[in-house]
Each structure stands twice: as structure tokens, then as C-alpha cells.
Amino acid sequence: MAADAWGDSFTEQPEPDYGNGGFIVQREEFIRQGPVVSTHLAYITTPDGEEIDREITRHPGAVAVVPIHDGHIIFVKQYRAPINRLMFEIPAGRRDVNGEPPTIAARRELVEEIGYDAGSVELLGCFLNSGGFCDERTYVYLGTDLTPADRMFDGAEEAHMDIVRVPLDQIPTLVSDGSIEDAKTLLGLQWMLLRQAS
């Protein structure tokens with residue numbers, strides 16, 4: 001899908017700037033490029049002059065969407081290799097198309113994973129997945145005005161995922177009872193619930 005198919009009204013949410021606390025990155029060495037991430041070794045000087053090194057994972061970033069349709073949220077149950085089991089999640093995916101704005105990536109992921117296009121995507125929030133070792137930033141959207149589209153799954157996991165519809169009134173229970181372990185899904189649902197309450 002071309003980026004101009006939906007236009008791009010995205011304004012990037014500014015990242016909070018708390019400074020670096022006096023830590024100075026002197027250099028970064030490339031270690032390995034994988035299919036998704038790259039690994040680097042950063043050489044850093046601490047505020048008291050100590051030289052340290054830290055392994056860093058670079059990631060292109062991701063998008064996730066809380067899709068609402070006919071009073072339901074549409075989830076996927078997808079196999080995740082690192083934990084060797086299915087996970088219950090909102091649709092999501094990598095920002096792996098060079099130059100593609102996150103809003104366009106979000107709509108593309110909806111079509112790929114659940115076979116719907118969103119007439120509207122609104123930013124709920126963004127977060128760093130695990131800033132202790134990786135720079136991955138995920139943008140989470142609310143997707144509404146859904147219309148059916150030809151599903152275009154990408155990869156074996158998407159080809160075998162299940163699509164699950166959950167009524168909106170059951171979402172607070174799902175969030176609080178431990179049924180969902182996925183961080184982007186929990187954050188997206190919490191942000192959606194907070195928006196509805198305000």
C-alpha cells in the first residue's frame with residue numbers, strides 16, 4: 001500500500017528529554033545485523049570518569065492498534081517463538097518499510113493481520129519497550145471506522161494466527177485478571193479505557 005493511499009497527518013510525539021545524567025557515549029561498534037535488529041557495543045564515560053561498555057540492540061520501532069468494530073475489540077492469538085506459545089495481542093508490527101510514517105504502518109498492519117482498514121487512527125501513546133538494552137519505540141493507536149479489506153498476512157505466524165473479537169464491556173476484566181501478558185496490549189487497552197473515562 002502506498003503511503004499516499006491514506007495521506008499522512010502524523011505529527012511525531014516529542015520524546016521526553018531528561019538529559020543523559022553526565023554519561024557520554026564515546027563510540028559505538030557494530031557487532032551483528034539480524035533480520036530484525038542489530039547489535040552494537042557502546043563505550044561510555046560515566047559522570048565520575050569511569051569507562052564502561054554496554055551492549056545495545058537497535059530496532060526500527062513498531063506500531064500497534066486497538067481496533068474497535070461493532071462494539072468489539074479485535075485481537076489476534078499469535079505464535080511467539082521466544083516464549084514458544086501463543087500470545088493474545090492487539091494487532092501490531094515492525095516499522096520495517098523505510099520512510100513509512102507510523103500512522104500508515106498502523107493501518108497496513110491492520111490489513112495484514114485482521115483484514116480491516118481503519119478510516120481513523122488516533123495516537124493513544126508511545127513507549128520504549130525495554131530501554132535498558134534496546135531503543136525500540138512503539139506507537140499505539142486507536143483504530144475506528146473499520147471496513148473490510150483483503151487480508152495480506154506476512155509470514156508464517158500471521159498465516160496461522162487466530163482472530164478473536166471481545167466485547168468492549170469485557171475489556172476491564174481482561175486487563176485486570178492476568179489474561180493478557182503482552183505489554184503493548186495492556187498499555188493500549190489502558191490508554192483506551194482512560195480516554196473513554198475522560
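Residues numbered from 1 in each chain as written. Predicted model: local features only at pLDDT ≥ 70, side-chain atom pairs only at ≥ 80, totals over all residues. Heavy atoms only, no water.

Peer 1: Would you mind showing me how to read the overall build of the protein chain here?
Peer 2: Counting secondary structure elements, the protein chain contains four helices and 10 strands. The helix and strand sequence of the protein chain, counted from the amino end, reads β-β-β-β-β-β-β-α-β-β-α-β-α-α. Here the analysis covers contacts within the protein chain between residues at least 6 apart in sequence; of these, 59% occur between residues at least 24 apart. Of the roughly 11000 Å² that the protein chain leaves accessible, carbon and sulfur atoms contribute 50%. Charge separation in the protein chain, taken as the distance between the mean sites of 16 positive and 33 negative side-chain charges, equals 2 Å. (Helix = DSSP H or I, 4+ residues; strand = E, 2+ residues; numbered from the N terminus. Contact = heavy atoms within 4.5 Å. Areas by Shrake-Rupley, 256 points an atom, 1.4 Å probe, with all protein chains shown as cover. Lys, Arg positive; Asp, Glu negative; His and termini not counted. Charge placed at Lys NZ, Arg CZ, Asp CG, Glu CD.)

Peer 1: Which parts of the structure should I look at to understand the sheet that holds strand 1 (residues 24-33)?
Peer 2: Either a parallel or an antiparallel arrangement is found when strands of a sheet pair, and the pairing is made through backbone hydrogen bonds. Taken in spatial order, the three strands of this open sheet run 1-2-3, and their pairing is antiparallel. Each of the sheet's edge strands pairs with one partner strand only, and the pair in question is strand 1 and strand 3 (51-58). Each strand of the sheet is rotated relative to its neighbour by a mean of 25°, with strand direction disregarded. (Pairing = 2+ DSSP bridges. Axes fitted to C-alpha atoms, helices over the stretch in contact; angles between N-to-C directions.)

Peer 1: Quick question: what am I supposed to make of helix 4 (residues 183-197) here?
Peer 2: Given 3.6 residues per turn, any residue in an α-helix points the same way as the ones three and four places further on. Between its first and last C-alpha, helix 4 extends 21 Å over 15 residues, near the 21 Å set by a 1.5 Å rise per residue. Turning to helix 4, its buried residues are Lys184, Thr185, Gly188, Leu189 and Met192. Angularly, the buried residues of helix 4 cover 125° about the axis, an arc narrow enough to put them on a single face. Of the exposed residues in helix 4, those oriented more than 90 degrees away from the buried face are Leu194 and Ala197. (Expected span 1.5 Å × (residues − 1). Buried < 20%, exposed > 50% of the residue type's maximum accessible area, 1.4 Å probe, protein only. Arc of directions from axis to C-beta.)

Peer 1: It is not clear to me how the pattern of salt bridges should be interpreted in this structure. Could you clarify?
Peer 2: Where charged atoms from two side chains of opposite charge approach closely, those side chains can pair. Across all of its chains, the model carries 14 salt bridges by this definition. Taking the shortest distance from any N to any O, the salt bridge between Glu181 and Arg85 comes out at 2.6 Å. You can see Glu181 sitting in the loop between helix 3 (171-176) and helix 4 and its partner Arg85 sitting in strand 6 (residues 85-89), a full 96 residues away along the chain. We classify Arg85 as partly exposed; its relative accessible area is 39%. Of the charged contacts in the structure, one is a salt bridge between Arg107 and Asp117, with a shortest N-O distance of 3.5 Å. Remark: Asp117 occurs in strand 8 (residues 116-128) and Arg107 occurs in helix 1 (residues 102-114); sequence separation between them is 10 residues. (Salt bridge = Lys/Arg side-chain N within 4 Å of Asp/Glu carboxyl O.)

Peer 1: Got a minute to help me understand the confidence of the model for the protein chain in this structure?
Peer 2: Close inspection of predicted coordinates is inappropriate for parts of the model with low pLDDT. When the pLDDT values of the protein chain are averaged, the result is 91; 93% of them are 70 or greater. Across residues 1-10, where pLDDT falls below 50, the model places 15 contacts with residues more than four positions away in sequence or in other chains. (pLDDT = per-residue confidence, 0-100.)

Peer 1: What is the right way to read unusual backbone geometry from this model?
Peer 2: Among all residues save glycine, negative phi is the norm, and among peptide bonds the norm is trans. A positive phi angle, close to 55°, is found at Asn84, a residue other than glycine. Taking the relative accessible area as the measure of exposure, Asn84 reaches 55% and is therefore exposed. Non-glycine residue Asp145 carries a positive phi angle of around 55°. Among the secondary structure elements, Asp145 is positioned in strand 9 (residues 137-148). The class of Asp145 is exposed, set by a relative accessible area of 56%.

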